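Coordinate analysis (summary)
Each chain is listed here by its residues.
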Amino acid sequence: MAENGEEKLIAVARHIAKTLGHTDTMTDDILQIFSNFDNRFREKLTDDQPLERSLKSLHRQISRHLSAQHPIWSDSADSAAFLDSVDQLLAIIHEWNPMANDKSVSASLDKADDLLQQAMFRLQDEFTTLMQRSSEPVDLTRHQNGGDRLGDYYESEEEEEVDDDDDDDSGEIPIAHPVTDYGILIEALPAGIISDLHEIAKRMVAAGYEKECSHAYSVSRREFLEESLSRLGLQKLSMDQVQKMQWNELEDEIEKWVKAVNVALRILFPSERRLCDRVFFGFNSVSDLSFMEVSRGSTIQLLNFADAVAISSRAPERLFKVLDVYEALRDLMPEFEFMFSDQYCVLLRNEALTIWRRLGEAIRGIFMELENLIRRDPAKTPVPGGGLHPITRYVMNYIRAACRSRITLEQVFEEIIVPSASAVDYREGDDRALSSSSLAVQMAWIMELLESNLETKSKIYKDSALLAVFMMNNERYIVQKVKDSELGLLLGDDWVRKHAAKVKQYHVNYHRSSWSKVSGVLKIDNNAMSSPTGASRSLKEKLKLFNSYFEEICKTQSTWIIFDEQLKEELRISVAGALSPAYRNFIGRLQSNNDSSRHTERHIKFSVEDLEARISELFQGSSGSGGGRK
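Owing to the predicted nature of the structure, the values given are computational and were not obtained by experimental measurement.

The next point concerns the overall build of the protein. Across its full length, the protein carries 23 helices and two strands. Burial analysis of the protein (630 residues in total) assigns 48% to the buried set. Within the protein, contacts between residues at least 6 apart in sequence are counted, and of these 80% link residues at least 24 apart. Here the protein displays about 31200 Å² of accessible surface, and carbon together with sulfur accounts for 49% of that area.

Structural data, given as structure tokens:
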């Protein structure tokens, strides 16, 4: 080192002499002055090749490492010596660059650059070897057992970094319970290897080979990341393949995707970001570039799948899985914002935001398709017994299930941009205001379409009483489904009261259509009762007519259906309440008539108890009527 210092001093003296001396004679004079300080300087000052001699010495040292058939980093002494030689070479190039205009210096610097390039190529190879030797894909799907060493691969975000001397590289593939806790980071490389990689990266960046270093890093870690995602069951599917998949297959793939995207954004990507920052500590731009190159392929794979789901069929049955994809991206947008905020990754973040919004458009499109489905449902065959129509059951159960994701649907229909704030706003908001929200308007519109469709279908029934039963059944079902679900919050109490009143009106219509004629027969005409003979004849004729009407109605309406037990009981009670007193009074008048008393029992077919028993058999339905409640 002393010899090198002396050579540097001599080189500076020679440069000063050449700069100040206008003629060769003057230069010689200046050199003579310098040599008077030490006679040894004279010989060395007149030597024009100190740079050349230094390069020859470094060439011998570096070439010895370059020709090694084994990895240099397999021996710590060799790696330290190689890095020291590279440092010296970089220092010489840096020192002599200001004098590159000198022809002899320029020629030597060209040789130095060639040697540096060779050294950088070898460092790149060594960097790659270290990465590949230490990287094992992560399996986050298998169950932990007593022999697994998760502590070697995972650490909590709150834990301190492992000691730099810990270079354990057991080669075991880490395994874990199905992931529910995302507050972990993967220690993908031993700390000692990270330190070695950082030392190599420092030299390559200093030499201007940061892109080559970043490429070597990215190739290895990209394979690691892709294989880790593959172990989560995520397939590499093109958008065309996703769109052509059968729905049951796509459902399975969506479930795998939701798990994979959460693991990627919450565990794998943060761990890769941390590793990049440690390997390229002090070189933020290189770290950002490397992370982008590592994560870009996997990110695009994840986003393309979500995009394919967004632009695929908008059949109503797909809503719930599309909601899963939408919610997964929504919940991960803060991670996208944090992980992909630098200049290299911002396009990936923006693409995630675009696809998330596109999924919202798909959800709104699915509801439009549901509207079309309701409109197009034909009014061809009446439901036997006036029971529940399949469209009623389908639409109400569908919407109830959809409203379990009410907060998400509120976001979708309000086109809310900021996911982190919106969920809190809706949870803490006044439920009374929900009835005026965009989602509430959407749900009310679907209800209106459904009711309009049912009214059209009811026209198929020629019997006005059966029409009323059909509408009463379906309206009651709608009201109950609204009351005991999130729909009640959305549509509001006024909506529920209004439609409960409709059920009562259909109840009134049923009574009027079915029993008004029967009740009318039991009314006693006072004019006809003016003479005993006339009264007897009139009462007997009315009783005969009553028996006929009552038998016919009971026979017919025993096959009709009231799906709701409470409503069925209410109807029976109301019929009995209206009919029994009138019938009891009528029978009493008939029995009190002297002219007919001898033959009264022969004409009375039903006792009051018999009448009520027959009424209790109404709305039993017939087998296969399909009007039961589900």
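Having seen the model, we can carry on.
Another point: unusual backbone geometry. Positive phi is not limited to glycine here, since Phe-619 has a value of about 65°. With respect to the helices and strands, Phe-619 occurs in the segment after helix 23 (608-615). Phe-619 gets classed as buried once you look at its relative accessible area, which sits at 1%.

Now for the confidence of the model for the protein. Of the residues in the protein, 76% have a pLDDT of 70 or more, and the chain-wide mean is 81. Highest mean pLDDT in the protein belongs to helix 18 (residues 464-483) (96); lowest belongs to strand 1 (residues 154-156) (37). Under a pLDDT of 50 for its full length, residues 42-48 has, in the predicted model, 18 contacts with residues more than four places off or in other chains. In the model, residues 416-433 has pLDDT below 50 throughout and makes 21 contacts with residues more than four positions away in sequence or in other chains.

This brings us to the packing of aromatic side chains. Geometry of an aromatic ring pair is reported as the spacing of the ring centres plus the angle between the planes. Counted according to the given criterion, the structure contains 19 aromatic pairs. When the ring of Phe-550 is compared with that of Phe-606, the centres are 5.3 Å apart and the planes differ by 70°; the resulting orientation is edge-to-face. Taken together, the residues span a long stretch of sequence, with Phe-550 in helix 20 (residues 532-557) and Phe-606 in the loop between helix 22 (600-603) and helix 23 at a distance of 56 residues. Here the two residues Phe-550 and Phe-606 agree in accessibility, since each one is buried. In this structure an aromatic cluster arises from ring pairing among Trp-515, Phe-546, Phe-550, Tyr-583 and Phe-606. The lysine or arginine in question, Arg-221, covers the ring of Phe-224, its NZ or CZ lying 3.7 Å from the ring centre. Lying over the aromatic face of Tyr-549, Lys-517 brings its terminal NZ or CZ to 4.5 Å of the ring centre.

The subject of this paragraph is the pattern of salt bridges. All told, the structure shown has 35 salt bridges when counted by the stated rule. As a salt-bridge pair, Glu-337 and Arg-349 come within 3.1 Å of each other at their nearest N and O atoms. With Glu-337 in helix 12 (residues 319-339) and Arg-349 in helix 13 (residues 346-376), this pair connects stretches of sequence that are 12 residues apart. The class of Arg-349 is buried, set by a relative accessible area of 18%. The salt bridge involving Lys-502 is made with Glu-451; its shortest N-O contact spans 3.7 Å. One end of the pair, Lys-502, is in helix 19 (residues 486-521); the other, Glu-451, is in helix 17 (residues 438-458), and 51 residues separate them in sequence. Residue classification places Glu-451 among the buried residues on the basis of a relative accessible area of 7%. Connected through salt bridges with shared partners, the residues Asp-87, Glu-199, Lys-202 and Arg-203 form a single ionic network.

All right, on to the packing of helix 11 (residues 284-310) against helix 12 then. Look at helix 11 against helix 12: their axes get within 11 Å of each other, and the N-to-C directions meet at 155°. By the angle between their axes, helix 11 is roughly antiparallel relative to helix 12. Considering how the two elements wind past one another, helix 11 and helix 12 form a crossing that is left-handed. Here Phe-291, Thr-299, Leu-303, Ala-306 and Val-309 of helix 11 lie close against helix 12, whose contacting residues are Val-322, Val-325, Leu-329, Phe-336 and Met-339.

Bringing the nonpolar core into the picture now. Core analysis: the biggest nonpolar cluster contains 171 residues, and Phe-127, Met-443 and Tyr-510 have the highest contact counts within it. It is helix 10 (residues 247-279) that contributes the most residues to this core, 15 residues altogether. Dropping the residues within four chain positions of it, Phe-127 is found in contact with Leu-197, Ile-200, Ala-201, Cys-213, Ala-216, Tyr-217, Val-279 and Phe-280.

Attention now moves to the environment of Val-286. Note on placement: Val-286 falls in helix 11. With 73 residues separating them along the chain, Val-286 and Cys-213 place their C-alpha atoms 8.8 Å apart. Excluding its chain neighbours within four sequence positions, the residues that come into contact with Val-286 are Val-205, Glu-210, Ser-214 and Phe-280.

Quick look at the environment of Tyr-394 now. By the secondary structure assignment, Tyr-394 is in helix 14 (residues 390-402). With residues up to four places along the chain from it excluded, the contact list for Tyr-394 reads Pro-316, Leu-370 and Leu-373.

Here Arg-393 shows up in helix 14. Along the sequence, Arg-393 and Lys-481 sit 88 residues apart, while their C-alpha atoms lie 9.5 Å from each other.

Cut-offs and rules
- Residues numbered from 1 in each chain as written.
- Predicted model: local features only at pLDDT ≥ 70, side-chain atom pairs only at ≥ 80, totals over all residues.
- Heavy atoms only, no water.
- Helix = DSSP H or I, 4+ residues; strand = E, 2+ residues; numbered from the N terminus.
- Buried < 20%, exposed > 50% of the residue type's maximum accessible area, 1.4 Å probe, protein only.
- Contact = heavy atoms within 4.5 Å.
- Areas by Shrake-Rupley, 256 points an atom, 1.4 Å probe, with all protein chains shown as cover.
- pLDDT = per-residue confidence, 0-100.
- Phe/Tyr/Trp six-rings, centres within 6.5 Å; stacked < 30°, edge-to-face > 60°.
- Lys NZ or Arg CZ within 6 Å of the ring centre and 35° of its normal.
- Salt bridge = Lys/Arg side-chain N within 4 Å of Asp/Glu carboxyl O.
- Axes fitted to C-alpha atoms, helices over the stretch in contact; angles between N-to-C directions.
- Parallel < 35°, antiparallel > 145°, perpendicular 65-115°, else oblique.
- Left-handed = near helix turned anticlockwise from the far one by under 90°.
- Core = buried A, V, L, I, M, F, W, Y, C linked by side-chain atoms within 4.5 Å.

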